[in-house]
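# Structural characterization, general
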Amino acid sequence: MKQFKFLLLMLLGVGLLATSCDDDFSEEDLLNAQNDLVNARQDSIKAQNVAALNEAGELVGFQLKVVDTDGNGVEGLTVTMAASLGSGGLDEQTVTTNAAGLALFNRVAIGGNVISVSGGSIIPATLNADFGSIQQGVHYQIVNGVIIPTPVTESAIITVLGASAATATVQGTVTIETDVTNTTTEFPTGVALVADFDDALTQASSLAGLTYFLATNDNVLDLGSADVDATTGAYSMTVPAGVQFDLIVPNVSATQRIAVSRVNNVDLDRPEYLDVATNFGPSWNIFNYSSDFYNIPAVVGVRTVFNAPDPAGEGFTMGSFARVGRSIPTFTFQDGNNFTLPNEINTDIVLQVTNLGSGYTTTPTVAVADGGTGTGATAMAYLEWMYTSATVTTVGTGLVADNDYTVTINYLDEDSNPIFADNFTATANGSGEIGQAEITAGINAGTGPGFEANNWDEIADEVTGFEISFAGGGDGTAVGMGRLERIFMVDTGDDYTSPTFTFSGGGATTQAAISVLQFGTQWTFALDNSGNTVPYALLPDDIEFTYLEVGTGTRDNFTSGSATNIETGSSSDLTSTLLTVDGSGNIVYKDQTASYKTSFFSDEMPSVLVTKGGSIQAVASMDDGDVNEDGSINDIDNIDEEGEGYTAIPLITIEPSAVGAPGSGATATATGGNLLATGEFNWNGGWEITNGGTGYLPNLNQAVDERNYSFPSVSNITLRSGDTRVIDIDFGTGVKGVDHN
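Structural notes, computed from the coordinates. (Residues numbered from 1 in each chain as written. Predicted model: local features only at pLDDT ≥ 70, side-chain atom pairs only at ≥ 80, totals over all residues. Heavy atoms only, no water.)

## Considerations on the pattern of salt bridges
Enumeration over the complete set of coordinates arrives at 9 salt bridges. Residue Glu-177 pairs with Arg-707 through a salt bridge whose shortest N-O separation is 3.3 Å. Of the two residues, Glu-177 sits in the loop between β10 (167–175) and β11 (192–196) while Arg-707 sits in the loop between β48 (686–691) and β49 (724–726), which places them 530 residues apart along the sequence. Of the residues examined, Glu-177 reaches a relative accessible area of 3% and is grouped as buried. We note a salt bridge from Arg-720 to Asp-723, for which the minimum N-O separation is 3.4 Å. By relative accessible area, Asp-723 is classed as partly exposed at 25%. One salt-bridge network, in which partners are shared between bridges, spans Glu-177, Arg-707 and Asp-730. (Salt bridge = Lys/Arg side-chain N within 4 Å of Asp/Glu carboxyl O. Helix = DSSP H or I, 4+ residues; strand = E, 2+ residues; numbered from the N terminus. Buried < 20%, exposed > 50% of the residue type's maximum accessible area, 1.4 Å probe, protein only.)

Written as C-alpha cells, this is what we have:
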C-alpha cells in the first residue's frame, strides 16, 4: 500500500511602512504622512479581507463530474477536497456524487488543492488541482472601497476505472552514479515512480493545472506507482490495461563521492575525496550547465613529495634614500592662444600653470631657484599680446580724405629693433590727416589685414615695447597688454633636486605663476640588515623598487632591482651581480668601496619590496601514464622545480595522491648535482625509480565518463492486458553543486 503526501504552501506578503522626520516637517507634510498611513492601513485591511474571503471559500466554486468508461455518471462516490490555508489551518470538505456523477463544492480556497475520489467498485483516484491566484476583476471587485466577491465556478470531468479492470506491468532497473571513485553502479534510495493518467482519464477541465493519479489508499492492486528497491534498483508497477499514461520520473538529490584536485578553479594542496551534493533527473540535463559542474575530473592517484630545504633568510631591506641632484630637463611649454588653466606637461618634469599673468607691457624675467644646491639654470618666457591703445607722436598728412590706410604695429626686441607684430586700418579725416582721433578709432574698430579687435598675438621673442607707423609720415607708440604664452629652458643647470620658477618685472599687474608638480631624480640608498630575523644563506629572489613614474602620476615596479654605480655610471642587477652574503648572514655589496643610485627617476622616495627566496621546495608532477596496469609506478612525469636552498641532495617520497587512496611500496632516489661553494646543493633534476610498488590508481575517479540521465520514451504509454513493458532508467552522473574543475 502506498500513500501520497501533498504539501501546499501559501506565502503571505507583509508590507512595512517607514516614515521619517526632520526639523522642517510642515503641517502639510504631517497631513500627507497621515494620509499615506491611512491608505496603507486600508490596503492592508483590504488584503486581509480578500484573504479571509478566500479562506471562507467565497471566491471560487468547483464542480466535478465523475463518469465511468462508458461516459455515464457514477453515483455515491466520496469526493474530498483539502487545501492548506494561509492562516495555517486545513480546509477539508467531503461531498457525495449525485445520480449524474456530480460533486459540487460551493466554496473553495484558491491555490493548490488535493481532491480524492473513492468508494463503490472503482479504483480510487487522486487529483492535484491548482486554482491559480486571487485576481481582482475576476474573483472580486472593489466598489466605493467595498470588496464585493464575484465567485467563479471551475469545473472538470474525469473518468474512473472499475476495481476489476484488466492490468499490465511496467518494470525495470533504476541506476545512478553516487560514487564515481569505484567501478560499480549504484541504485537510488527512496525513489518512487508514478503514472500520470491525466491525458486519458481527464475528459475536460477549466483549470490550467490538473493532474490525475490512481490513488493507492486501500488499493490492493497498487496501481500506477512503484518503489525502487535500494539494493537491486528493480521496480515493478501495475497499471490498468488500455489506459494511456505518462511515467513520471522524479528528480533525485543525493551526495556523490568524487575525487577532486580543484574546487571553484582553485588548486587544492593535494587531491581529496569529497561527498558532493548532486542533482539527477529530467530537470537536470547536464548539457544545460557548464561542464565545470558535470565533468568528472581526471585525478592522478599518485604523487611525489620532496623534503623541504633549509629556511631562507628574512628581514633585509634598503633605506636611507636621498635625492641625487640633476640638470633640469629641457622643455618648451607652449599652448598658443588656447590656454585653459591649469595646464601640465609630461616629460621628465611636470609643470602646472596656475596663472598666466596680466597687464604685462614688456617681457618679464624668469628666475630658476632650487630647494637644494642646484645652480646655473635659466629660463625664458614669451608672451602673447592684445593691443589696447596707441598714442600718435607724428600726425600723418597729405592723405586723401576719407581713404583707409594701414597702420603697422611693431614690437621692439631686446636690442630695440622694430619687428612687425600686427596692423590695423585707420581712415583719414576730411583734411587728409590721420591723427590721434583716427588712430584711436581704428585700433578700437580692429579692422584691417591680419588684425582683429580683442585678439591675442603670439610673439616668440623678448618684447621691450611697441610702436606704430602709418602713411603721411605718421608714427607713435602702442600699448600692449601681455600674458604668458610660452616658457622654455635656456640653460638646464646642474645638481637640482626641487626647482622653482618665479616671474618678475614686465610691468605686470599680476605675475604669471607656474608650479612644479613633479621633478624626478635618482636616489641613493643603503643596505639595511638591522631587521634580519633569519640569517641569509642565499640572496633574496628579487629586490623590487616601487616609484612614482614622472609625468604619468602612476606608480611602477622596477622589478629587476637595477642600480647604477655613481662613480662609473655602469648599471647592474642587485641580486645577480652587485650583492653577496657575508659570513654573518648579512647582505652586503661585493665591492665595499662602491656606492650606488637607482637607475630610474622618481619624484618621491621609492619603497622597497624584498621577495623572500633562496628556499624553494623541489616539486615533481605525475600523470596517469606513470602508473602501470598492475598498479606499479614506472616513471616520474616531470621535475617541475629543482628547488633552492638545499644543503644536500633532495629526498623523494612516492605516495597515494589522496588520503585513503590505494597504493604502497614505491620509492625513488634523486641523482646528480653538486655542492656549491656557498654551501647550497645544486640538484640538476636527476632521479631513478628504485621500487615500483603496488596498488596505485592512474585515476582516482574510475567512472571516468560523465553520463546524462537516459531512459526510453515514458510518454503516451498504453499497454494491453497482461503485457509487460521494460523501462530501465539511468540517472547518470548528475550535476554537482560545486565547480570541481
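## Focus: empty space enclosed by the protein
Per the stated rule, a full pass over the model turns up 1 cavity of 30 Å³ or more. Roughly 30 Å³ of internal volume is contained in the largest cavity. What lines the largest cavity is simply Asp-196, Phe-197, Asp-198, Asp-199, Ala-200, Gln-244, Phe-245 and Asp-246. Of the residues assigned to the lining of the largest cavity, the class counts are 3 nonpolar, 1 polar and 4 charged. (1 Å grid on protein atoms, 1.4 Å probe; cavity = no way out; pocket = protein on both sides within 12 Å on 5 of 7 lines; lining within 4 Å. Points joined across faces, edges and corners; volume = space filled by probe spheres on them. Nonpolar A, V, L, I, M, F, W, Y, C, P; charged D, E, K, R; others polar.)

## Some thoughts on the packing of aromatic side chains
Scanning all chains against the criterion turns up 16 aromatic pairs. Between Phe-321 and Phe-525, the ring centres sit 6.1 Å apart and the planes meet at 50°, which makes this aromatic pair tilted. One end of the pair, Phe-321, is in strand β20 (residues 317–324); the other, Phe-525, is in strand β33 (residues 522–528), and 204 residues separate them in sequence. As far as burial versus exposure is concerned, Phe-321 and Phe-525 are alike and both buried. Each ring, one from Tyr-709 and one from Phe-711, has its centre 5.7 Å from the other, and the planes form 25°; the classification is stacked. By relative accessible area, which is 23% here, Tyr-709 ends up partly exposed. Residue class for Phe-711 comes out partly exposed when judged on its relative accessible area of 26%. Across from the ring centre of Phe-519, 5.6 Å away, lies the NZ or CZ of Arg-326, which sits over that ring. Directly above the ring of Trp-456 sits Arg-483, whose terminal nitrogen or CZ lies 4.1 Å from the centroid. (Phe/Tyr/Trp six-rings, centres within 6.5 Å; stacked < 30°, edge-to-face > 60°. Lys NZ or Arg CZ within 6 Å of the ring centre and 35° of its normal.)

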